[in-house]
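Overview (structure and organization)
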Amino acid sequence: MRPQLIGHLDADCFYVSAERVRFPFLRDKPAGVLGNQGACVIAKSYEMKAAGVATGEPIWEERAKCPEGVYLKRDFRWHEVLSRQMLAAVREFSPAVEYYSIDEFFFAAGPPAHAPQVLAEAMRDHIRRVVGVPVTVGVARSKALAKLVSDTAKPFGALAQTDPDAERALLDRLPVTDITGIASRRAARLEALGVRTCLDFALADRKRVRTLLTVVGEELWHELNGVAVRPLYTARPPHNRMHLIATRLRRPGFVQ
């Protein structure tokens, strides 16, 4: 039986793209979305990024760098509306979808015989047409690989990378910190093994990786070698506050 493939969909500049859906005049203009207090930019368009605007800097510094930019406050409700529309659109193509974040989804992409490149392109184009948000879609043999593929295909890309040799070529040019779950502290530990690239990580001794990074690192090692060990979580997690309330209500002896 052919192995199932995993897809990863990530919206391009989601907060800005969401504002462009309801405010078309923002298209092709440098635009930034501000945090709740309006003190700094938390998301920016590619045009604003080209002007040197960096995420997290104070708004007065950003305005000096990009005085022609348009700055808007974040609108959680509107972003949630588009997120749900994207989720519904992905489900039109896949029987199993994981809501990973407000603008990211993993999904079952079927066996390689089902033309994964065609699927990736069709999903990307469909979401742009029905939701209005540009997205990038990557398909690979595992979740970790699918995310790396989509990250490198941005913006508005669609790429199915299922050939092991092509995977290795991709991993060889990416730093190990591009792997979700490998930040600077874990990368420093891996340096002792001579691991600097994603390919170094995939070729490292599995047992030594587990010793350094526990079972989490071992899972990532399998994933980068094309073995899908991380399942799709198809039930969307509840809102954090509601989850905490539900947890308290389930505790023995809790009195309302």
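Residues numbered from 1 in each chain as written. Predicted model: local features only at pLDDT ≥ 70, side-chain atom pairs only at ≥ 80, totals over all residues. Heavy atoms only, no water.

Let us look at the overall build of the protein. Along its length, the protein carries eleven helices and eight strands. Computed over the C-alpha atoms, the radius of gyration of the protein is 20 Å, within 12% of the 18 Å expected from 2.2 N^0.38 for a compact globule of 256 residues. Dimensions of the protein, computed from the C-alpha atoms along their principal axes, are close to 55 × 50 × 40 Å. Counting over 256 residues, the protein shows a buried share of 44%. When contacts within the protein are restricted to residue pairs at least 6 apart in sequence, long-range pairs at least 24 apart make up 55% of them. Surface exposure of the protein reaches about 13,600 Å², of which carbon and sulfur atoms provide 55%. Within the protein, one finds 37 positive and 29 negative side-chain charges whose respective centroids are separated by 7 Å. (Helix = DSSP H or I, 4+ residues; strand = E, 2+ residues; numbered from the N terminus. Rg over C-alpha atoms; globule rule 2.2 N^0.38 Å. Buried < 20%, exposed > 50% of the residue type's maximum accessible area, 1.4 Å probe, protein only. Contact = heavy atoms within 4.5 Å. Areas by Shrake-Rupley, 256 points an atom, 1.4 Å probe, with all protein chains shown as cover. Lys, Arg positive; Asp, Glu negative; His and termini not counted. Charge placed at Lys NZ, Arg CZ, Asp CG, Glu CD.)

Sheet strands pair via backbone hydrogen bonds, and the direction of the pair is either parallel or antiparallel. Within the open sheet, the five strands sit side by side as E5-E6-E1-E7-E8. Their pairing is mixed. Two strands lie at the open edges of the sheet, namely strand E5 (97–101) and strand E8 (158–160), each paired on one side alone. Between one strand axis and the next, the sheet turns by 20 degrees as a mean value, whatever way the strands run. Sheet analysis places strand E1 (residues 5–11) next to strand E6 (residues 104–110), joined by six bridges and oriented antiparallel. (Pairing = 2+ DSSP bridges. Axes fitted to C-alpha atoms, helices over the stretch in contact; angles between N-to-C directions.)

With that settled, the discussion passes to the sheet that holds strand E3 (residues 41–44). The three strands lie next to each other as E3-E2-E4, forming an open sheet whose pairing is mixed. Where the open sheet ends on each side, the last strands, each with one partner, are E3 and strand E4 (70–73). Ignoring strand direction, the axes of neighbouring strands in this sheet form an average angle of 30 degrees. As paired strands, strand E2 (residues 31–34) and E4 are joined by four bridges and run parallel to one another. In the strand pairing of E4, Ala31 is matched with Val70.

Quick look at the nonpolar core now. Membership of the largest hydrophobic core comes to 32 residues, with the highest contact counts inside it found for Leu9, Met86, Phe107 and Ile127. It is helix H4 (residues 76–91) that provides the largest number of residues to this core, a total of five residues. Setting aside its immediate chain neighbours within four residues, Leu9 contacts Val90, Asp103, Glu104, Phe105, Phe107, Met123, Ile127, Val135, Thr136 and Val137. (Core = buried A, V, L, I, M, F, W, Y, C linked by side-chain atoms within 4.5 Å.)

It is at 11 Å that the axes of helix H6 (residues 143–153) and helix H7 (residues 164–172) come closest, and there the two elements cross at 65 degrees. For the pair H6 and H7, the crossing hand works out as left-handed. Contact residues: Leu145, Leu148, Val149 and Thr152 in H6; Glu167, Leu170 and Leu171 in H7. In terms of residue class, the contact of H6 with H7 is made up of five nonpolar, one polar and one charged. (Left-handed = near helix turned anticlockwise from the far one by under 90°. Nonpolar A, V, L, I, M, F, W, Y, C, P; charged D, E, K, R; others polar.)

Now for H7. The complete set of buried residues in H7 reads Glu167, Leu170 and Leu171. Within H7, the buried residues cover an arc of 95 degrees as seen down the axis, which keeps them to one side. Contacts made by the buried residues of H7 are with H6, helix H9 (198–203) and helix H10 (206–224). (Arc of directions from axis to C-beta.)

Consecutive side chains of a regular strand alternate in pointing toward one face of the sheet and then the other. Relative to E6, E5 runs antiparallel, the two being bridged by four bridges. Its bridge partner lying in E6, Glu98 is registered against Phe106. Counted along the chain from E5 to the antiparallel partner E6, the turn is two residues long.

Looking now at the packing of aromatic side chains. This model, assessed by the stated rule, comprises four aromatic pairs. Centre to centre, the rings of Phe23 and Phe25 are 6.3 Å apart; their planes meet at 55 degrees, and the pair counts as tilted. Residue classification places Phe23 among the partly exposed residues on the basis of a relative accessible area of 31%. Judged by centre distance (5.6 Å) and plane angle (75 degrees), the ring pair of Tyr99 and Phe105 falls under edge-to-face. The exposure classification of Tyr99 matches that of Phe105, with both residues buried. The ring of Phe156 has Arg128 sitting right over it, with the charged end atom 5.5 Å from the ring centre. When the ring centre of Phe106 is taken as reference, the NZ or CZ atom of Lys143 above it lies at 4.9 Å. (Phe/Tyr/Trp six-rings, centres within 6.5 Å; stacked < 30°, edge-to-face > 60°. Lys NZ or Arg CZ within 6 Å of the ring centre and 35° of its normal.)

By themselves these figures say nothing about function.
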